Amino acid sequence: MGKGGEDLRDKHSETLKSDPFHAWAKDVRECEEKFGVSCERGLTTEEVLKRHHIYGLNELEKPEGTSIFKLILEQFNDTLVRILLAAAVISFVLAFVDGEEGGEMGITAFVEPLVIFLILIVNAVVGIWQETNAEKALEALKEIQSQQATVVRDGNRVSSLPAKELVPGDIVELRVGDKVPADMRVVALISSTLRVEQGSLTGESEAVSKTTKPVEENADIQGKKCMVFAGTTVVNGHCVCLVTDTGMSTEIGRVHSQIQEAAQHEEDTPLKKKLNEFGEALTMIIGLICALVWLINVKYFLSWEYVDGWPRNFKFSFEKCTYYFEIAVALAVAAIPEGLPAVITTCLALGTRKMAQKNALVRKLPSVETLGCTTVICSDKTGTLTTNQMAVSKLVAMGARTGTLRSFSVEGTSFDPRDGEIEDWPAGGRMDANLQMIAKIAAVCNDANVEQSDNQFVTRGMPTEAALKVLVEKMGFPEGTTKASTLADGDVLRCCRLWCELEQRIATLEFDRDRKSMGVMVDSSSGKKLLLVKGAVENVLERSTRIQLLDGSTPELDQYSRDLILQSLHDMSTSALRCLGFAYSDVPSDFATYDGSEDHPAHQQLLNPSNYSSIESNLTFVGFVGLRDPPRKEVRQAIADCRTAGIRVMVITGDNKSTAEAICREIGVFEADEDISSRSLTGKEFMDVGDQKNHLRQTGGLLFSRAEPKHKQEIVRLLKEDGEVVAMTGDGVNDAPALKLADIGVAMGISGTEVAKEASDMVLADDNFSTIVAAVGEGRSIYNNMKAFIRYMISSNIGEVASIFLTAALGIPEGMIPVQLLWVNLVTDGPPATALGFNPPDKDIMKKPPRRSDDSLITPWILFRYMVIGMYVGVATVGVFIIWYTHSSFMGIDLSQDGHSLVSYSQLANWGQCSSWEGFKASPFTAGSQTFSFESNPCEYFHQGKIKASTLSLSVLVAIEMFNSLNALSEDGSLVTMPPWVNPWLLLAMAVSFGLHFVILYVPFLAQVFGIVPLNLNEWLLVLAVSLPVILIDEVLKFVGRLTSGYRYSTRTAKQKTE
């Protein structure tokens, strides 16, 4: 090539990337000029190298992952975790400061910070594991891309070039079965037709015919009939294309970018938000209580004298200061329910197992809880509400006389020939001549196949043709046929095989867009050669001159019969049925001796498709069928259940408007005679609406047809901005960005692409819309149970805080040490809280409206209840500590058996001044096999000697929390109406928790670590006497709650309406 040619190529390479070029709106010659290529020779090697430098490889980019260091830091971006971390660091420092003492207290001091650190590490590891597993959707997209391509370069045909080496301007050849390697402009059809299955990208239910003719510049993806897109599949035909976009510039590349963008906007679940808010509130409360405790006790570690009205001679006690530091740490440990993350994870994991039994496979644990407050389900149509398997639903045959028609309804929604029957069908295979001819044409003029793979029926070829073969199987064998025995009993298409044996195909007249029909010449068992034709009803009818009646006679096709057939066709088309007509004739005289041989003189006519219309003329019309992608049987009831549960259903599909509207009316999204002009819009029409949010706020169902991925994302984004909790269903690549953006992305397990599954939060194993509704019910039940155990754990923590606060406020010795509180929060509270996750669901759970995502986890009334319970826990734990020191008996229970000394309350409250008391002595006392003696230092009675009183306090705390778990069975229901045995797991959990408490009490090494001693029978009676009233107190509060529930609910509703 000359220098001028090289300059021209350079110019093309420079301008291609910067200048947007709408190849679909330009003719082939303009496209060749723009990309500097000829279809015959392709690009030169030199030009390919230049374009590789500009465009890079034809592959999708891999986004930069979050570094492991950043992931670790993110795990500590939580208020409760930070408080715990601070508590652990402070207690570690204090353990070092107190280290010189050694012995038992040294061991105890180090156990506490180590346990806290262990909790934080486990929490971080689980968090990081979930994060690293979340972003596989982009990898799955790469698998959709074609691996190899047939390309023309330097005038030569390269048959297996790696697809990633393609550049814009490459000339690519596509055949049946090929996966399209890039976005390309169709420049030449080698076969008469080209059809591409692009449903996974656009949502269309049928393969799309492609052309070389340009279309409008503003056409949507479905309207770009002269373009083929990366990741789609050629199902029929042979063509030459010109690559226009590669890698991230393709439509699938845009989907890739949208998934990345949606991943950036992932939000916390409603529960996570509530817990974060609770954590922040808790931080303030802990801060206030710590400050208050310090203010109350400042006199113990800081004193001064007033000289001339001014404070002087300050005295500071470091030992006392560190002691109150320890109390602050104890407060932090007491206030935070450390076991909560573990219990929530366990409950969600159990929920996922329940859902898996209902065919809903949960990929991300928090989505279980989010499901419970779903307010809108945005559903794809094809493959979700429908079966994505074309099926014949109506068969129209000719009547017994001219001007009459017979209509048969066909049941079934899949490619399984046993799925449904034909209503009012002649029994015993007594098909008349007209019905036999319909079966013959449907079976023989057909290139599809249906196979059974495991329990699934899969099609090879066009779904519409496969549906016709299934119809033939439902029609059965004609009476008197004897060849049936020669066919294998396991054959799915036995009848079709029979017809193909009886009618041997000798030539095929391929379908083309002009005549809109397909024909086959057959050597019939009757001895004649016939032409069998199927195609668009209007076109076949136009070329027909006769009709075949029920008895096989063929009178002329008069105008009345023609109008009758067209009217019936119109009625079926308005019901969104795709209609195909059947006709036949004797072969033209030129073909009377034709046997399929290429040497026959008439064979030349078959090589030119322009002759097909004249060959398929003077036909005899025999009938027609209506096909559709039918709705799933259970969907209508599921949508009715959604309406009852206060969940709105919106259908968002890439399919055409009329088909989508008909399906929506049939499944109950719209009523049969409802005016839906304002409820049914195309994606483009919706984008042009002035107030989009107001449109989405309409009550009842909505439909968006011809929707592109960007439309789906925009709808989901607007709904979320409006405070809705959105579940989005889908199965195609085009659904992935919206699945990622939605609060709950639900992918189809059978028909869904890997991209959709990886972008989703939940996968439906049975592709069934009704499974989502069942999962929502399960999600609501799980949330209610989680609410029960969150309240239970928080109420327990309020009790612990009250206990420590009262201890500090009254000035008595510290009743419980932080490691004991950790044990209660983590181990003792854990089993009952988890068991509350097994509470049976309410019977009317799917008859209530969804909860608002901003509903309070803890209402003012619940908070008041738990403050009352918490104060009682505080009084009981501190009270039993005081009782042991000051009383020899309580409620008739003798406490003097161990021989401990009694002191007055005044002495207990001023124990710090013990060294100044004259003549104070403390008797030795026994605990189990141990004896505690205080001869050398009587004041140790308030330090080391408090071990028995501390054990009583801890045991009362454990017992009260076990009884309090019974209170948590129902929010307002009495234990009389909801007895403990409705949840046997809770009774088992209480037994486990008490058992664990006995272990640390009666195993010497553990008792030493936790700073406790064994209790005798009388002391256990005291524990029960102090603990049991918590049930009576909460029963009274529940009774008040039931009396005032109507008032509280109406107040809250009025407030929400005002907002």
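Residues numbered from 1 in each chain as written. Predicted model: local features only at pLDDT ≥ 70, side-chain atom pairs only at ≥ 80, totals over all residues. Heavy atoms only, no water.

As paired elements, strand β1 (residues 148–153) and strand β2 (residues 156–162) share five bridges and run antiparallel to each other. Each bridged residue has a counterpart across the sheet, and for R153 the counterpart in β2 is N156. Connecting the antiparallel pair β1 and β2 is a turn made up of two residues, with D154 showing a positive phi of about 55 degrees. (Pairing = 2+ DSSP bridges. Helix = DSSP H or I, 4+ residues; strand = E, 2+ residues; numbered from the N terminus.)

Our next topic: the pattern of salt bridges. All chains considered together, the criterion is met by 29 salt bridges. Notably, a salt bridge pairs E47 with R51, separated by 2.6 Å at the nearest N-O pair. One end of the pair is E47 and the other is R51, both in helix α3 (residues 45–55) and four residues apart, which spans about a single turn. Each member of the pair, E47 as well as R51, is classed as buried. Here D432 and R406 are joined by a salt bridge, their closest N and O atoms 2.7 Å apart. (Salt bridge = Lys/Arg side-chain N within 4 Å of Asp/Glu carboxyl O. Buried < 20%, exposed > 50% of the residue type's maximum accessible area, 1.4 Å probe, protein only.)

Below, the discussion takes up the nonpolar core. Within the largest apolar cluster, 145 residues are counted, with the highest numbers of intra-cluster contacts made by F769, Y885 and Y941. Ranked by residue count, the leading element in this core is helix α29 (residues 769–810), at 17 residues. Two domains share this core, each providing at least three of its residues, namely domain 2 (374–386 + 631–767) and domain 4 (788–841 + 862–1058). If near-sequence neighbours (up to four positions away) are discounted, Y885 is found in contact with S901, L902, V903, L908, Y941, F942, G945, K946 and A949. (Core = buried A, V, L, I, M, F, W, Y, C linked by side-chain atoms within 4.5 Å. Domains from an automatic or database assignment. Contact = heavy atoms within 4.5 Å.)

Direction of pairing for strand β14 (residues 449–453) relative to strand β15 (residues 456–460): antiparallel, over a ladder of five bridges. Looking at the pairing, V450 lines up with T459 of β15. Counting the residues in the hairpin turn of β14 and β15 gives two residues, including D454, whose phi is positive at 55 degrees.

So, about the UniProt feature "transmembrane region" (unreviewed entry) in the protein chain. Under the UniProt annotation, "transmembrane region" (unreviewed entry) lies at residues 79–97, 109–129, 281–302, 322–350, 789–812, 863–885, 985–1005 and 1020–1040. Helix makes up 92% of residues 789–812 and strand 0%. Its end C-alpha atoms lie 32 Å apart. For residues 985–1005, the helix share is 95%, the strand share is 0%, and the end-to-end C-alpha distance is 30 Å. (UniProt positions renumbered as here; feature names shortened; annotations may be inferred.)

On the surface, E411, E421, E423 and D424 cluster together into a patch of negative charge. Structurally, E421 can be placed in the loop between β13 (405–409) and α15 (433–444). Assessed through its relative accessible area of 58%, E421 is described here as exposed. (Patch = residues over 30% accessible without salt bridge, like charges linked within 9 Å, V, L, I, M, F, W, Y side chains within 5 Å. Areas by Shrake-Rupley, 256 points an atom, 1.4 Å probe, with all protein chains shown as cover. Lys, Arg positive; Asp, Glu negative; His and termini not counted. Charge placed at Lys NZ, Arg CZ, Asp CG, Glu CD.)

A cluster of nonpolar residues, I68, F69, I72 and L73, forms a patch on the protein surface that exposes about 410 Å² of accessible area. Along the chain, the position of I72 falls in helix α4 (residues 68–75). What makes I72 partly exposed here is its relative accessible area of 35%.

Taken together, eight strands build an open sheet; the order of strands is β10-β27-β26-β25-β11-β22-β24-β23 and the sheet is mixed. Looking at the sheet topology across the chains shown, the edges are occupied by β10 (360–362) and β23 (680–682). Along the sheet, successive strands turn relative to each other by an average axial angle of 20 degrees, direction set aside. Pairing geometry for strand β11 (residues 376–379) and strand β22 (residues 648–652), over four bridges, is parallel. Counterpart to S379 in the pairing with β22 is V651. (Axes fitted to C-alpha atoms, helices over the stretch in contact; angles between N-to-C directions.)

With that settled, consider helix α26 (residues 709–721). In a regular helix each residue adds 1.5 Å, so 13 residues correspond to 18 Å; α26 covers 18 Å between its end C-alpha atoms and thus fits that length. The buried count for α26 comes to ten of 13 residues, which makes it a mostly enclosed element. Where α26 is concerned, the buried positions are P709, H711, K712, Q713, E714, I715, V716, L718, L719 and K720. (Expected span 1.5 Å × (residues − 1).)

Before going further, it helps to examine the packing of helix α34 (residues 947–967) against helix α35 (residues 984–1002). The N-to-C vectors of α34 and α35 enclose an angle of 175 degrees; their axes lie 10 Å apart at closest approach. In terms of orientation, α34 and α35 fall into the roughly antiparallel class. Along its contact with α34, which presents T951, L954, S955, V958, A959, M962, F963, S965 and L966, the element α35 presents L986, L987, M990, S993, F994, H997, I1000 and L1001. (Parallel < 35°, antiparallel > 145°, perpendicular 65-115°, else oblique.)

Quick look at the environment of F415 now. Looking at the secondary structure, you find F415 in the loop between β13 and α15. Sequence-distant contacts of F415, that is, excluding residues within four places in its chain, are made with Q389, M390, V450, F457, T459, P463, A466, A467 and V470.

The next subject is the state of the cysteines. The full count for this structure, using the stated rule, is one disulfide. Residue C914 pairs covalently with C939 via a disulfide, S to S 2.0 Å. Taking the torsion about the S-S bond as the criterion, the C914 to C939 disulfide, at about -95 degrees, is left-handed. In this pair, C914 is assigned in the loop between α33 (905–909) and β30 (925–927) and C939 in the loop between β31 (930–932) and α34, connecting sequence segments 25 residues apart. Between C500, a free cysteine, and C496, which holds the nearest cysteine sulfur, the sulfur-to-sulfur gap is 6.7 Å. Taking relative accessible area as the criterion, C500 reaches 31% and is therefore assigned partly exposed. (Disulfide = S-S within 2.5 Å.)

With that settled, the discussion passes to the packing of aromatic side chains. A full pass over the atoms with the stated rule returns 22 aromatic pairs. An angle of 85 degrees between the planes, with centres 5.2 Å apart, marks the rings of W884 and Y885 as edge-to-face. Like W884, the residue Y885 is buried in the burial classification. Taking 6.3 Å as the distance between ring centres and 45 degrees as the angle between the ring planes, the aromatic pair formed by W884 and Y941 counts as tilted. (Phe/Tyr/Trp six-rings, centres within 6.5 Å; stacked < 30°, edge-to-face > 60°.)

On to helix α2 (residues 28–35). Residues of α2 that are buried include every one of V28, C31, E32, K34 and F35, and no others. Projected onto a plane normal to the axis of α2, the buried residues spread over an arc of 165 degrees and lie on a single side. Where α2 begins, the side chain of D27 points an oxygen toward the backbone nitrogen of R29, at a separation of 3.3 Å. (Arc of directions from axis to C-beta. Polar contact = N/O pair within 3.5 Å; in protein donor to acceptor, adjacent residues only side chain to side chain.)

We now examine the side chain of T211. With respect to the helices and strands, T211 occurs in the loop between β5 (208–209) and β6 (227–228). The exposure class of T211 is buried, given its relative accessible area of 12%. There is a polar contact of 3.1 Å between the side chain of T211 and the backbone nitrogen of K213. In this view, T211 contacts V186, K225, C226 and R513; residues no more than four positions away in its chain are not counted.

Structurally, S760 is set in the loop between α28 (754–759) and β27 (762–764). Looking at S760, its side chain comes within polar contact range of the main-chain oxygen of M762, at 3.4 Å. Apart from residues lying up to four places away in sequence, S760 is in contact with R363, K364, G745, V746 and A747.

Even without a glycine there, the phi angle at N618 is positive, about 55 degrees. Following the sequence through the fold, N618 ends up in the loop between α21 (612–615) and β21 (619–628). The backbone of M891 shows a phi angle near 50 degrees, a positive value even though the residue is not glycine. Within the secondary structure, M891 is located in the loop between β28 (889–890) and β29 (893–894).

Let us now look at the environment of Q147. Position of Q147 among the secondary structure elements: in the loop between α7 (137–144) and β1. The exposure class of Q147 is exposed, given its relative accessible area of 58%. It is 5.9 Å that separates the C-alpha atoms of Q147 and P162, two residues lying 15 residues apart in sequence.

Looking now at the packing of helix α30 (residues 818–828) against α34. Relative orientation of the contacting elements α30 and α34 amounts to 25 degrees, with a least axis distance of 11 Å. Comparing the axis directions of α30 and α34 gives the class roughly parallel. Like other packed secondary-structure pairs, α30 and α34 cross with a definite hand, here right-handed. For the pair α30 and α34, the contacting residues are Q820, L821, V824 and T828 in the first and S950, L954, L957, V958, E961 and M962 in the second. Residues that form the contact of α30 with α34 fall into these classes: six nonpolar, three polar and one charged. (Left-handed = near helix turned anticlockwise from the far one by under 90°. Nonpolar A, V, L, I, M, F, W, Y, C, P; charged D, E, K, R; others polar.)

For the protein chain, the average pLDDT comes to 81, and 87% of its residues sit at 70 or higher. Per-residue pLDDT stays below 50 along residues 101–105; that stretch engages in one contact with residues further than four places along the chain or on separate chains. Long-range and interchain partners of residues 133–138, a stretch whose pLDDT sits below 50, account for 16 contacts in this model, where long-range means more than four residues apart. (pLDDT = per-residue confidence, 0-100.)

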